[in-house]
Amino acid sequence: MSNGFDDIPFFDEEPAPRKPATPAAPSAGAPAGGGLGIAARAMAARDQARAPDYLSGLNPEQREAVETVDGPVLVLAGAGTGKTRVLTTRIAHILATSRAFPSQILAATFTNKAAREMKERIGHLVGGAVEGMPWLGTFHSIGVKLLRRHAELVGLSSDFTILDTDDVVRLIKQIIQAEGLDDKRWPAKQFAQMIDGWKNKGLDPAQIPEGDARAFANGKGRELYAAYQARLKTLNACDFGDLLLHPIRMFKANPDVLKEYHQRFKYVLVDEYQDTNTAQYMWLRLLAQRPPGVPQNVCCVGDDDQSIYGWRGAEVDNILRFEKDFPGAKVIKLERNYRSTEHILGTAGHLIAHNEGRLGKTLFTDRVDPNDGKVVVHKAWDSEEEARAVGEEIEQLQRQQHPLNNMAILVRASFQMREFEDRFVTLGLNYRVIGGPRFYERLEIRDAMAYFRLVCQPADDLAFERIVNTPKRGLGDTTIRNLHDYARARNIPMLAAAADIIDTDELKPKARKALFDVVADFRRWQSLLENTPHTELAEQILDESGYTAMWQNDKSAEAQGRLDNLKELIRSMDQEESMRAYLERVALVMDAEQNADMDAVSIMTLHSAKGLEFETVFLPGWEEGLFPHQRALDEGGRAGLEEERRLAYVGITRAKRRCHIWFVENRRIHGLWQSTQPSRFLEELPSAHAEYDETSGSFGGYGRNPYGQSRFDKQEPFQNSYSTPGWKRAQANKTDATRDNWGNRSGHAVERIGYGESGPRAKTIDGELVAKSKTSEPSRFSVGDRVFHIKFGNGNVSAIEGNKLTIDFDRAGQKRVLDGFVELA
DNA sequence: GTACGAACATTTTTT
DNA sequence: ATGTTCGTAC
């Protein structure tokens, strides 16, 4: 197979001559600040050598991306092509050539992790810490910084609170109830997601589509959204979306302020551009676009093939239209891969080529080693066997001295994890799950944080409501509602209302006493805020409030863990100057470090694997309906399929040396055993780089598996993705709904989705339709029949519901299965 | 205020 | 099937 290398310049080609960098003195008006040291150090480093060391070791394309600092640049950086290196070196280069002070560079990333990593690496390049890069951070943290400076321009005061999703949902619930709506019929969580979606698109209540507005609460969607925004304003609070939208509003309404930032930011950089949503895009354009004639020094780095966040508002289109937004843009492709073997790249490249909406890159490597194995596809009977076989493979690698840290299992959906965890527990194999519930999302942490928030921020009603009766103080719903009404009527925060109401006789003596104590506690803590070390105060708050005691008295299994978490929380506060500073950081940094010391296999979703790499990668669950996920198909249509394919591409390209893909023939979905079809993506792998493991699958010889080893043989190199065997099969199944996956009798309607533009979307997970057709076709079994099941052996039918049978198996006990899986014994 | 049972949903996740 | 969330009854 052609590797497509022909039109790509060779590595050792002489780099194109570049004009020597002309150091220009930073403009006089440049803000001084702590960054000068870095610039000075960088310049010193530069003077020592002719070709600065930071440029050595870059390939020509990388070097071009680093050195093309003037004018708009789009760097299309494929997986493993040194994207972060380019970005950080580019910043180092700008600093070293004195084009700008650190404080004049705006660099936006998506995650805190990415920001941290960049800061570190720039520090290495330039020598020393990078405190002087105040505008390197996530979109949100930069947004906060802007807002704290100009809060009054959007009607907030600069000490506004940042609400997380949990707070938002509780707030919305209150609003829904206040509107007299049934909060059961109109779930707050759902509406929170809708608002989030609107904010991702940069829409104010007035701007949301009429249809969207009608979709919620009998057409009250718009009204509720506006009420929510009004409530945020009175609370002096922002949700995550506002951290982007308020700056946008602020800049639009105050061109003079925008101009100030235009003058400040000489260079703008954006990481992971393919993941930006519309709001972030608007934000970037406001800050980066300049009037005609003024240089636009903007550099976006991304990979359209790794865009996997469309479902949360990311617009691949942003990257596709970069050249239109920034005329004269230079597009630089990085295609030389430093991570993976040629087989891995060949497999991933062939797969992703089935996508239509892409700019088109082909990764290559010249580190070819004949010992490198192909990507291997394995079959297993069910997910249990899948986990068992993966476990064996891991143990074997372990015996060959491969550290577990170099291996990862990347799943499509988190429910797949458990089977692996179970297996690894029995094997005594260390593993770590990445991306589970976060430290700061834990109940006890959120409670403790609510105490701290309320001390620092007495107007934080959400924090107040969260902890006023935690631990239990006898302040129930009635008291809270009273207090709430009292506060709303006087337009004061609830803590203040509590202070007032205890002087009245509106409450029963018991509640009054309890509330009096709470108010007194908070008064005391507030008075200590300035002069007590904040970690000490934090401990004091938790003890005096009775919160620690609450968990000490709790005899449930997790109580000790919660106390440990609280200790950890106090310990982590050390890193910040004050309690306020700590709260600020935590609001934006929701991740906590994992202990990297242990040698362990990583288990995570494909989404959280983006940006990581491992020697060996296991990709289980490549079955239709799971991967590509049925819901992505149902809801996203063709675009959804392509995003799933990109996800597959991300998965494969995580692997450096070895990549094992698995599919199972049977999987339990919602408690029912279903037979599955191999993922269509398997059909899209090239036989030159991927092979089928003929030995896999202990039931491999059983009957009529149509997907034997010949699967890769009839590989037509390139086709429209909708004429692949997988697609054809899907089409065939769509009309021929009478044959189930085993090719036997009718009655097992398996309808495959049409994800073209037209036609109604049918539910297509095998079994759904089957279940629905129960009235039309009586089961061919009856209660008491002796039957045989391939996995569970012999048993007796004890109940029948349509096509679902409940069977008491001799060995396996009672199971519910679809009748297509059993034969009369 | 707690305990139990019914109803419900079950792709992916950051800030 | 299974876990979680919510409401009711004690």
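None of these values were measured; they are calculated from a predicted model.

> Is there a simple way to think about the pattern of salt bridges in this case?
Note on pairing: side chains with opposite charge can pair once their charged atoms come close. Going through the model one piece at a time under the given rule, you end up with 51 salt bridges. Ionic pairing is found between Glu 210 and Arg 214, a salt bridge with its closest N-O pair at 3.4 Å. Linking Glu 210 with Arg 214, this pair stays in helix 8 (residues 210–215), spanning 4 residues, or about one helical turn. Under the relative-accessibility criterion, Glu 210 is labelled partly exposed at 43%. For Arg 214, a relative accessible area of 56% corresponds to the exposed category. With a shortest N-O distance of 3.9 Å, Arg 580 and Glu 530 are connected by a salt bridge. Of this pair, Arg 580 sits in helix 26 (residues 579–588) while Glu 530 sits in the loop between helix 22 (509–528) and helix 23 (534–544), and the two are 50 residues apart along the sequence. Exposure remark for Arg 580: the relative accessible area of 46% places this residue in the partly exposed category. Where salt bridges share partners, they join Asp 164, Asp 166, Asp 167, Arg 170, Arg 446, Asp 447, Arg 453, Asp 460 and Arg 466 into one cluster.

> In this structure, what is going on with the pairing of strand 9 (residues 375–382)? I would like to understand it.
Consecutive residues of a regular strand have side chains that alternate between opposite faces of the sheet. Counted residue by residue, strand 9 has 8 buried out of 8 residues, so it is predominantly covered. Both strand 9 and strand 16 (residues 690–692) contribute to a ladder of 3 bridges, which runs parallel. Considered in strand 16, the bridge of Val 375 is made with Ala 690.

> How should I be thinking about the protein's contact with DNA strand B in this particular structure?
Looking at DNA strand B, there are 26 residues lining it, with Arg 412, Ser 414, Arg 438, Lys 472 and Arg 631 nearest. When atoms of DNA strand B within 4 Å of the protein are sorted by moiety, sugar and phosphate together comprise 62%. In this structure, Trp 311 approaches DNA strand B through a side-chain N or O atom, which is 3.3 Å from a base oxygen. Every element with two or more residues in the surface near DNA strand B is listed here: helix 27 (606–609) and helix 28 (630–653). Considering each element in turn, the surface near DNA strand B owes the most residues, 3 residues, to helix 28. In terms of residue class, the surface near DNA strand B is made up of 8 nonpolar, 12 polar and 6 charged.

> I keep staring at the sheet that holds strand 7 (residues 298–302) and nothing clicks. Help me out?
As summarised here, the arrangement of the 6 strands in space is 3-2-6-7-1-8, forming an open sheet in which the pairing is parallel. Two strands lie at the open edges of the sheet, namely strand 3 (136–138) and strand 8 (330–334), each paired on one side alone. Direction aside, neighbouring strands of the sheet carry axes that sit 15° apart on average. As paired elements, strand 2 (residues 105–109) and strand 6 (residues 267–270) share 4 bridges and run parallel to each other. Bridge assignment links Ile 105 to a residue of strand 6, and that residue is Tyr 267. Strands in contact with helix 4 (residues 112–126) are strand 2 and strand 3; relative to strand 3, the strand with the most contacts, it is inclined by about 165°.

> Can you walk me through the environment of Ile 91 in this structure?
Along the chain, the position of Ile 91 falls in helix 3 (residues 83–96). Since its relative accessible area comes to 0%, Ile 91 is described here as buried. Separated by 16 residues in the primary sequence, Ile 91 and Ala 107 place their C-alpha atoms 9.0 Å from one another.

> Help me understand the nonpolar core, please; the structure alone is not making it clear to me.
Ranked by internal contacts, the top residues of the largest apolar core, which has 52 residues, are Phe 452, Leu 515, Phe 522, Leu 569 and Met 579. In terms of residue count, helix 18 (residues 443–456) provides more of this core than any other element does, 9 residues in total. Sequence-distant contacts of Phe 452, that is, excluding residues within four places in its chain, are made with Ala 538, Ile 541, Leu 542, Leu 569, Met 573, Met 579 and Leu 583. Core analysis: the next-biggest nonpolar cluster, separate from the first, contains 47 residues, Ala 151, Val 154, Tyr 261 and Val 270 among them.

> Quick question: what am I supposed to make of the packing of aromatic side chains here?
Note on aromatic pairs: each is described by the distance of the centres and the angle between the planes. The final tally for this structure, using the stated rule, is 23 aromatic pairs. Ring geometry for Trp 135 versus Phe 265: centroids 5.2 Å apart, planes at 80°, classification edge-to-face. Pair noted here: Trp 135 is in the loop between helix 4 and strand 3 and Phe 265 is in the loop between helix 11 (255–264) and strand 6, with a separation of 130 residues, a long-range link. An identical accessibility class is assigned to Trp 135 and Phe 265; each is buried. A centroid spacing of 4.9 Å and a plane angle of 80° characterise the contact between Phe 522 and Trp 525, whose relative ring orientation is edge-to-face. Placement of both Phe 522 and Trp 525 in helix 22 is noted, with a separation of 3 residues, approximately one turn of the helix. Residue classification places Trp 525 among the buried residues on the basis of a relative accessible area of 0%. A network of ring pairs unites the aromatic residues Trp 186, Phe 191, Trp 198, Phe 216 and Tyr 225 as a single cluster. It is Arg 312 that lies over the ring of Trp 311; its NZ or CZ is 6.0 Å from the centre. Lying across the ring of Tyr 281, Arg 321 places its NZ or CZ 4.2 Å from the centre.

> Which parts of the structure should I look at to understand the UniProt feature "binding site: ATP" (unreviewed entry) in chain A?
Residues given the UniProt feature "binding site: ATP" (unreviewed entry) here are Ala 77, Gly 78, Ala 79, Gly 80, Thr 81, Gly 82, Lys 83 and Thr 84. Checked against the element boundaries, Thr 81 lands in the loop between strand 1 (73–77) and helix 3. Here Thr 81 falls in the buried class, since its relative accessible area comes to 1%. In contact with Thr 81, other than residues within four places in its own chain, are Gln 62, Leu 334, Glu 335, Arg 336, Asn 337, Tyr 338 and Leu 363. For Thr 81, the side chain forms a polar contact with the main-chain oxygen of Gly 78, separated by 2.6 Å. As for its position among the elements, Thr 84 is in helix 3.

> What is the right way to read the side chain of Thr 138 from this model?
Secondary-structure assignment places Thr 138 in strand 3. Residue classification places Thr 138 among the buried residues on the basis of a relative accessible area of 5%. Polar contacts involving the side chain of Thr 138 include one to the main-chain amide nitrogen of Ser 141, which spans 2.9 Å. Excluding residues within four positions of it along the chain, Thr 138 makes contact with Thr 109, Phe 110, Thr 111, Asn 112 and Ala 115.

> Just checking my understanding: could you explain unusual backbone geometry for this structure?
Among all residues save glycine, negative phi is the norm, and among peptide bonds the norm is trans. In the segment running from Thr 470 into Pro 471, the intervening peptide bond is cis, with an omega of -5°. Summarising the element assignment, Pro 471 is placed in the loop between helix 19 (461–467) and helix 20 (477–490). The backbone phi angle of Ser 98 is positive, close to 55°, even though this residue is not glycine.

> Would you mind going over the packing of helix 6 (residues 165–178) against helix 7 (residues 188–200) with me for this structure?
When two helices pack together, their arrangement is captured by the angle between the axes and the distance separating the axes. Put simply, helix 6 and helix 7 touch, their axes get as near as 8 Å, and they point 110° apart. By the criterion of interaxial angle, the relationship of helix 6 to helix 7 is roughly perpendicular. Of helix 7, the residues touching helix 6 (which contributes Val 168, Val 169, Ile 172, Lys 173 and Ile 176) are Ala 188, Lys 189, Phe 191, Ala 192 and Ile 195. Its residues placed into classes, the contact of helix 6 with helix 7 shows 8 nonpolar, no polar and 2 charged.

Cut-offs used in this document
- Residues numbered from 1 in each chain as written.
- Chains lettered and ligands numbered in written order.
- Predicted model: local features only at pLDDT ≥ 70, side-chain atom pairs only at ≥ 80, totals over all residues.
- Heavy atoms only, no water.
- Salt bridge = Lys/Arg side-chain N within 4 Å of Asp/Glu carboxyl O.
- Helix = DSSP H or I, 4+ residues; strand = E, 2+ residues; numbered from the N terminus.
- Buried < 20%, exposed > 50% of the residue type's maximum accessible area, 1.4 Å probe, protein only.
- Pairing = 2+ DSSP bridges.
- Near = heavy atom within 4 Å.
- Polar contact = N/O pair within 3.5 Å; in protein donor to acceptor, adjacent residues only side chain to side chain.
- Nonpolar A, V, L, I, M, F, W, Y, C, P; charged D, E, K, R; others polar.
- Axes fitted to C-alpha atoms, helices over the stretch in contact; angles between N-to-C directions.
- Contact = heavy atoms within 4.5 Å.
- Core = buried A, V, L, I, M, F, W, Y, C linked by side-chain atoms within 4.5 Å.
- Phe/Tyr/Trp six-rings, centres within 6.5 Å; stacked < 30°, edge-to-face > 60°.
- Lys NZ or Arg CZ within 6 Å of the ring centre and 35° of its normal.
- UniProt positions renumbered as here; feature names shortened; annotations may be inferred.
- Parallel < 35°, antiparallel > 145°, perpendicular 65-115°, else oblique.

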